[in-house]
Structure formats: C-alpha cells, structure tokens
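Remarks on the overall topology
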Amino acid sequence: MADSGRIDEVAVIGNTDVTSTESENNIINTMVERGTSLLKKMEINVAEAEKRTGKNTVNMQETYTVYLIEIRPAETVPEGETPTAPDTLWRRYSDFELLRTYLLVTHPYIIVPPLPEKRAEFVWHKLAADNLDPDFVERRRVGLENFLLRVASHPVLSNDKIFFLFLTEEKGWREAVLETGFQDKVDSRIKSLSAMYRVKNPDKRFTELKLYSDELNSVISQLLRVRAKVADRLYGVYKVHGNYGRVFSEWSAIEKEMGDGLQSAGHHMDTYAASIDDILEEEEHYADQLKEYLFYTDAVRSVCRKHELIQYELEMVAQDLIHKKQQKEDLTTGTVRVFSLKGMTSKLFGQESQEQRESRLAALDQSIREGEETLKEKNTECQEFVRTACEDIERFKEQKDRDLREALISYAIMQISMCKKGIQVWSNAKECFNKM
C-alpha cells in the first residue's frame, strides 16, 4: 500500500565511520524521503539559530532563540552560474509548535512528525540542559530542520497550504493559520478519555497499535537512560586518564633516561582524556534520533485516540437510532413500558389523541431518517479514517524500521571507533615505554 516509487534519495545522520576529523560538525539530517513533489521543487534548510531579547505578551523581558529558514529552488545550477539566493525568514520554536498543532488537528489520521525536545532530557550530567546552551540550540536546529523535511517529504502533509505559507510568509502566517478555525476542532482531553473508556467495540488494529506504541516508548526511554549512565561512566574513565598524563609528566621531570618516554606517554594520555567531550557531544546526535521516535510514539497514540473518538461517536449515533426506532414501535403498537415517560404521562393526563400520536409518529419518522443519514455519514467517516490511517501507519512502519536500523548501526560503528582509539592510545604508550 505504500508508494514504492516515492523514495528517490535518502540522507543519513552521520557517516558509517567516525574519525577525529569527521566527528566535528558531522550533523546531517536523518533519513528523509526526497521523492515527494515539494522536495523536488525546493530545498529546505534551517540554516542558523540566533539568540534575541524582547518583551513577551505580558510585557516582561525575555531571551529566546529564533531559527533562520532558507528555501531555494531545487533545480540544478549550470556550471559557471551563481546559485539562486535563498528566500529566508525567521521562526521561533513556538511557531513550529503552532504549525504542528494545526497539522495534528487538520490531519488526524496522519502520524505527524514530532518536534525536537524543548528542554534536554536523558543527557549525561556534564552536558548542559539549558535550552539556551549553544550545543543544545544547535542540536535543536538540526531537529527542527529534520521536522520540516519530514513534513515536506510526506505525501499528504507536503501539500498543505498552511505548511507552504509557514515556509514562505514571515508576516501574516500566524493570522492565516488561526483563521482556519482549527482550534475549534481540537478535541478536549475529557472527551477523548470518555471515548477511550466507553467504546464498546474497539478496533483490534488500533488497540494493538496503541499497546505497541506504549511498549516502544518504554523501551526507548530505558535505552536512553542506560546510554546516559554509560556516558557518565565513560566520561569518568576518560578523565581519569588525565591523571595518568599528569603523573607521567611529573615523573619525567625527575628521570634522565626515561624522561622523554614518560613525557610522550603522558601526552598521549592527555589527548585521550580531552577527546571525550567531543565524542559524547557527537553521541548526543545519535541519541536525538532515538528521541525522535520516542516522541513519535505520542503521535501514534494521537491517531489511536482520534479513532476511538470517531468510533465512540458512531456507536452513540447507532444507539440513539435504535432508541428512536423502539419508540416508534412502542407508539405504533401502543406498548407501555414500565417506568417509561409515556406511561407516566398517560396516567397523569390520560391517553393522547389520534392526531397527537400521528404527529409524534411523523416527528419520529423524520428523526429516524435523519439518524440513518447521520449513521451512514459516520460509518463512511470511520471507514475512510481507518483506510487512510492504515496507509499512513504502514508508511510510518517502513520509515521507522529503516531509520532505527541505520541509527543503531551508526551508533555501534561510533562505539567501535571510540574503542579503537583507546587501543591506539595504549599501543602508543606501550611504544613509548619500550623506547625508554
């Protein structure tokens, strides 16, 4: 059911090997499908982040970050010609949040890509969790670009007019999205909870999907916690090598024949100890790929909740129609049910006239016809939701399997490379000792 021809090109975070030169600025957006019409027409980048200070809605001073979005035609530039200058505009994180909320409400059957975290979570303790920290802002810039590319590569979301305005209209976009009236369609949490607990015939596919989403969330959360603990311990091990370097350097000062060898070994240890900061900051970018799917699980649950609400509304309409048909049958046959309103009315005011009965029958017939039409519409709505949601779920599963496999392989390669560096440091130290 997924369109097999839509994946023309794949971009990957990081390379398959991590060397000391490649680890710097080695941040490329995750596996994003570039076969959709929008990405064939334009290139989208979040080029930079900038810290600004201004007054908020309650007239208080605040410091915030804005992100520069660049778009340019995706046409190949002939050799010797200057590329077209990109169109640019600035967006705050809150603008991205508004766009995503709009997409969630407008396309409830779509697993809408998540935004990067607003504040850092699951980090090793030496990494700043401040949302204005330059390293965190840079990682969030990459995440926001990835979000835009995810939306732009989606066969449905990429064609949304509001999304296109987000990329092209700096002024007036917020007013345009509010004018759509999407906020009136936002389902209340109470309404969703009521549907979840009162649906009588839940769709097994969505029940299993919600359960899988919860389990995936739990597994990725545990994985990220373990990774943060390992990173903390690794940080300590590397930094302790700095003590080796200090001791060897001090020792070399009192030795004549052994001095040069000890000094060289100490230098190798100092270099090894200093390398861990860049290594673990680079590792955070691989963790961000896992975090994306941690946040994706909530988007999956959102689709399940929407289906529950549609199913609940369908069941309520069906139940109301059954009740009205029963009323008509009782009125036609003259049946009086125990403790019914009709029975109480008859006892208090006597039997109703033929005209009153015919009038009530006509009203019930009209109400039943309207109910049948509403039930038909709700059935169609539910069937269409299931069809489109299932298509998007299949697309998401393919994307998830591909992305997580690539992320875990890249992470393993990075760990292997890091271990090789450790072996090389001690091999170099061994050579220094041999020459003493």
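A brief report on the enclosed structure follows. For every chain, the first residue of the written sequence is number 1, and numbering continues from 1 along that sequence. With pLDDT at 70 or above as the cut-off, local features in this predicted model cover only qualifying residues; side-chain atom pairs require 80 or more to be listed or tallied, and sums for whole chains, interfaces and linings still use all residues. Water and hydrogen atoms play no part in the side-chain values, which are based on all heavy atoms of the structure.

Let's talk about the packing of aromatic side chains
By convention, a stacked pair of Phe, Tyr or Trp rings (six-membered ring in the case of Trp) has centres within 6.5 Å and planes under 30 degrees apart, an edge-to-face pair has planes over 60 apart, and any other such pair is tilted. Throughout the structure, instances matching the rule amount to 12 aromatic pairs. On the basis of an interplanar angle of 40° and a centroid distance of 6.3 Å, the ring pair of Phe 206 and Phe 385 is categorised as tilted. On the criterion of sequence distance, the pair formed by Phe 206 in helix α7 (residues 204-252) and Phe 385 in helix α11 (residues 354-434) is long-range, its members being 179 residues apart. For every residue, the accessible area (1.4 Å probe, protein chains only) is compared with the maximum for its type, and the residue is labelled buried under 20%, exposed over 50%, or partly exposed between those bounds. Under the relative-accessibility criterion, Phe 206 is labelled buried at 4%. Only DSSP runs of H or I reaching four residues or more are called helices, and only runs of E reaching two or more are called strands; each is numbered from the N terminus.

Focus on the side chain of Gln 311
Structurally, the position occupied by Gln 311 is in helix α9 (residues 276-333). Gln 311 sits in the buried class, given a relative accessible area of 12%. A distance of 3.4 Å separates the side chain of Gln 311 from the backbone oxygen of Asn 201, its partner in a polar contact. The contact criterion used is simple: two residues touch if any of their non-hydrogen atoms lie within 4.5 Å. When sequence neighbours within four positions are dropped, the list of residues in contact with Gln 311 reads Val 199, Asn 201 and Cys 382. N or O atoms closer than or at 3.5 Å make up a polar contact, with two conditions inside protein: a donor-capable atom paired with an acceptor-capable one, and, for residues adjacent in sequence, both atoms drawn from side chains.

Details of the sheet that holds strand β2 (residues 61-73)
Each pair of strands is called paired provided DSSP finds at least two bridges between the two strands. Taken in spatial order, the 3 strands make up an open sheet running β1-β2-β3, and their pairing is antiparallel. Two strands bound the open sheet, and with one partner strand each, they are β1 (42-55) and β3 (87-92). With direction set aside, neighbouring strand axes in the sheet form an average angle of 25°. Two strands pair when backbone bridges link them, and β1 and β2 are joined in this way by 13 bridges, in the antiparallel orientation. Bridge assignment links Lys 55 to a residue of β2, and that residue is Gln 61. Convention adopted: a line fitted to C-alpha atoms gives each axis, helices being fitted over their contacting stretch, and angles between N-to-C directions are expressed from 0 to 180 degrees. Along the sheet, helix α4 (residues 161-168) makes contact with β1, β2 and β3, crossing β3 at roughly 105°.

A closer look at the environment of Trp 90
Considering the arrangement of structural elements, one finds Trp 90 in strand β3. Residues Trp 90 and Ile 69, 21 residues apart in the sequence, show an inter-C-alpha distance of 6.1 Å. Ignoring any residue separated from it by four or fewer positions in sequence, one finds Trp 90 in contact with Glu 48, Glu 50, Arg 52, Val 66, Tyr 67, Leu 68 and Glu 170.

Digging into the pattern of salt bridges
Each salt bridge in this description consists of a side-chain nitrogen of Lys or Arg and a carboxyl oxygen of Asp or Glu lying within 4 Å of one another. Enumeration according to the criterion identifies 30 salt bridges in this entry. One salt bridge in this structure joins Glu 372 and Lys 325, with 3.5 Å as the shortest N-O distance. On the criterion of sequence distance, the pair formed by Glu 372 in helix α11 and Lys 325 in helix α9 is long-range, its members being 47 residues apart. The structure contains a network of salt bridges with shared partners spanning Glu 117, Arg 139, Arg 227, Glu 283, Glu 284, Asp 288 and Lys 291.

What about the pairing of β2?
By the bridge criterion, 6 bridges tie β2 to β3 in an arrangement that is antiparallel. What sits directly across from Val 66, in β3, is Arg 92.

A word on helix α3 (residues 134-152)
With 19 residues, α3 extends 27 Å between its outermost C-alpha atoms, agreeing within 8% with the 27 Å of an ideal straight helix rising 1.5 Å per residue. Of all the 19 residues making up α3, 16 are buried; the element is thus mostly covered by neighbouring parts of the structure. In a helix, the anticipated span is given by 1.5 Å times the number of residues less one.

Considerations on the packing of helix α2 (residues 93-106) against α3
It is at 12 Å that the axes of α2 and α3 come closest, and there the two elements cross at 30°. Judged by the angle between their axes, α2 and α3 are roughly parallel. For the pair α2 and α3, the sense of crossing is left-handed. Contacts between α2 and α3 involve Tyr 93, Phe 96, Leu 99, Arg 100 and Leu 103 from the first element and Arg 140, Leu 144, Phe 147, Leu 148 and Val 151 from the second. Per-class residue counts for the contact of α2 with α3 are 8 nonpolar, no polar and 2 charged. An angle below 35 degrees is read as roughly parallel, one above 145 as roughly antiparallel, one from 65 to 115 as roughly perpendicular, and any other as oblique. By convention the crossing between two helices is left-handed if the near helix lies anticlockwise of the far one by an angle smaller than a right angle, and right-handed if it lies clockwise. Amino acids are sorted into nonpolar (Ala, Val, Leu, Ile, Met, Phe, Trp, Tyr, Cys and Pro), charged (Asp, Glu, Lys and Arg) and polar (every other residue, Gly among them).

Observations regarding the nonpolar core
Here, nonpolar core means buried Ala, Val, Leu, Ile, Met, Phe, Trp, Tyr and Cys residues that are tied together by side-chain atoms lying within 4.5 Å of each other. Core analysis: the largest hydrophobic core is formed by 34 residues, its most contacted members being Ile 44, Ile 69, Leu 148 and Leu 167. Secondary structure elements with two or more residues in this core: α1 (37-41), β1, β2, α2, α3, α4 and α5 (173-179). Look past the residues within four positions of Leu 148 in its chain and what remains in contact with it is Ile 44, Val 46, Ile 69, Phe 96, Phe 163, Phe 166 and Leu 167. Of all hydrophobic cores here, the second largest spans 29 residues; its members include Leu 224, Val 303, Val 317 and Cys 382.

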